[in-house]
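# Notes for the structure review
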Amino acid sequence: MFSTGDTIVAIATPHGRGGIGVVRISGPAALRVGLALSATTHLEPRHATLARVGEGAVHDQAIVTYFPTPASYTGEEVVEISAHGSPVVLRAIVKGAIAVGARLAEPGEFTLRAYLHGRMDLVQAEAVADLIEAVTPLQVRAAFDQLDGTLTKQIAAIDEALFDISTRLEASLDFPEEGYHFVEPATLAGEIAGVSSSIERLLNDATRGRLVREGARVAILGRPNAGKSTLFNALAGADRAIVTEIPGTTRDLVTEVVDVDGMPITLVDTAGMRVAAADAVEAEGIARARAAATSADLLLVVLDGSQPLHDEDRAVLADTASRPRVVVVSKADLPGMWDPGGLGVEAVAAAPPLGTGLEMLRQRVVAALSSERPAEDTPAVTNLRHVTLLAEARAALLRAEASARAAAPEEFVAADVTQARGYLEEITGRRTADDTLDAIFSRFCIGK
C-alpha cells in the first residue's frame with residue numbers, strides 16, 4: 001500500500017502532443033508545491049489562476065486551479081495545472097513539483113486515495129478504469145452507471161435486508177434462557193430465499209455484462225472464395241484482409257474490433273473450410289478456423305450465391321447447425337445460381353463491395369446477441385471480481401436457507417448470513433485486503 005502522507009504528482013492527460021495537458025498534484029503539501037511552481041503567494045480555491053510555471057529553462061503560461069480538502073477528486077488538497085500539451089513542458093512541470101517535495105504517483109494512486117478518503121467506494125473506483133477504457137457507448141453507459149452508484153445501491157439494499165435478518169438472529173441468540181425467538185424458521189428461510197433471489201438476478205445479468213465489458217467474438221466461416229474476406233473488410237471499414245480470386249488466400253486468423261450498436265465486436269476472418277488442403281500451411285489455417293469457430297459467440301456462415309452449392313458449403317452448414325449463427329449469401333450483385341429459400345434457414349443476401357445487405361446483417365447480428373445484452377434499467381455486473389463475490393454470497397445464503405428450513409440451531413444460520421454480508425462488503429470495499437487493492441489499482445493508468 002502507498003502512503004497517503006506523501007504528496008504525489010503525475011501527468012493526467014494521455015501521452016503525446018495536444019492542445020492542452022494537465023498535471024495533477026495531490027497530498028498534504030499540494031498547495032505549497034503549487035504555490036512554489038506558480039511563483040505566487042495565493043491560489044483562490046476553485047478559481048483559475050494564470051501563472052508562469054515550469055522548471056529550469058522550460059516554462060509555460062498555464063492555468064493553476066486549487067481544490068482544498070475534502071472537496072476534491074482525492075479528498076485531499078489538489079492542484080491541477082493546465083498547460084500547453086507539449087511533453088517537454090509537462091515533464092518540466094512534474095520535475096519542478098518533485099524538486100519542491102512531491103513524488104511521482106503510482107498507477108491509479110489518485111483514485112486509490114479517493115477511495116481511501118471515502119470519496120467513492122471500490123465499485124465506483126473500478127468503474128473509473130472501465131470508463132477510461134470504454135470504446136463503445138454501451139460500455140460507457142455501463143461504466144457510468146456503476147460510477148454513479150447504481151450497482152452500489154443494489155448491493156446496499158441486499159446488505160440492508162441481510163442486516164435486518166442478522167439483527168433478529170443475534171437478538172434470539174442473546175436471550176436463549178428466556179426462550180425469546182425473534183424469527184420463525186419457515187419465515188426466516190423465506191426471507192433468506194428472497195435475498196438470495198436478488199443476488200441471483202444480478203448474477204444472471206453477469207453474462208450480459210461480460211459482453212458489454214469484453215464484447216462478443218464473431219467468426220466468419222465458409223469455403224474458399226465464398227466472400228469471407230470481402231465481407232470482413234466491409235464490416236471492418238478497412239482493407240484488413242487480402243482479397244484475391246486465388247482460393248486459400250487467407251491462411252491465418254485476421255481480427256478487427258468494430259462497434260455494432262454500441263457493442264464491441266471482434267470480427268475474425270478465417271481460412272476457407274475445405275476437406276483437402278493445398279499444403280501444410282493451409283491445413284494449419286483450417287485448424288485455426290475450426291478453433292476460432294469453437295470459441296466464438298456467433299458465427300457468420302458465408303455462402304457464394306453466384307456459384308452452385310458445394311459439398312463444402314453443406315459441410316459448413318451441417319457443422320454449425322447447433323451453434324448461434326447468421327447465414328450470409330454473398331455476391332448478391334451477381335446472378336444467383338441457387339435458391340436461398342431451400343436452405344431451411346433465413347439468410348441475409350449481401351454484396352459487401354456495394355454495401356448491399358450490410359445494415360440488415362448488422363441488425364441480424366445484434367438480434368442474435370440481444371438476449372445477452374443487459375436491459376436498459378438493469379445495472380450490468382461487468383466485473384469478474386464482483387461476479388465471484390456475488391456467487392460466494394449466494395452460496396452462503398443457500399446454506400443459511402437450508403439450515404433454517406431444517407430448523408438447525410440459529411448459530412449456524414447466523415454464521416452463513418454473516419459470511420454472505422462479508423462477501424458483499426468486499427465488493428464495495430468496506431472489507432478488502434491490501435493485496436486486492438494493489439491488484440485493482442495497478443491496472444489504472446498513471447495520473448488517474
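Predicted model only: the values in this text are computed from it and were never measured.

The rules behind each value
- Residues numbered from 1 in each chain as written.
- Predicted model: local features only at pLDDT ≥ 70, side-chain atom pairs only at ≥ 80, totals over all residues.
- Heavy atoms only, no water.
- Helix = DSSP H or I, 4+ residues; strand = E, 2+ residues; numbered from the N terminus.
- Buried < 20%, exposed > 50% of the residue type's maximum accessible area, 1.4 Å probe, protein only.
- Contact = heavy atoms within 4.5 Å.
- Expected span 1.5 Å × (residues − 1).
- Pairing = 2+ DSSP bridges.
- Axes fitted to C-alpha atoms, helices over the stretch in contact; angles between N-to-C directions.
- pLDDT = per-residue confidence, 0-100.

## Some thoughts on the side chain of S38
Residue position: S38 is located in helix α1 (residues 30–38). By relative accessible area, which is 5% here, S38 ends up buried. Once residues within four sequence positions are removed from consideration, S38 is found in contact with L43, A51, R52, V53 and V64.

## Observations concerning helix α2 (residues 87–99)
Compared with an ideal rise of 1.5 Å per residue, which puts 13 residues at 18 Å, α2 spans 18 Å between its outermost C-alpha atoms and is within 8% of the ideal. Taken as a whole, α2 has its buried residues at P87, V89, L90, A92, I93, V94, G96 and A97. Following α2 by one or two positions, G101 has its phi on the positive side, about 125°.

## Let's talk about the sheet that holds strand β8 (residues 254–260)
Taken in spatial order, the six strands make up an open sheet running β8-β9-β7-β10-β11-β12, and their pairing is mixed. Two strands close off the open sheet at either side, each with one partner strand: β8 and β12 (347–349). Here the average twist between neighbouring strands, direction ignored, is 25°. The strands that helix α11 (residues 358–369) touches are β7 (216–221), β8, β9 (263–269), β10 (298–304), β11 (325–330) and β12; relative to β10, the one it contacts most, it runs at about 145°.

## Here we look at the confidence of the model for the protein
Chain-level statistics for the protein give a pLDDT mean of 83 and a share of 89% at 70 or above. Segment residues 246–251: pLDDT under 50, and 19 contacts once partners within four positions in sequence are set aside and those in other chains are kept.

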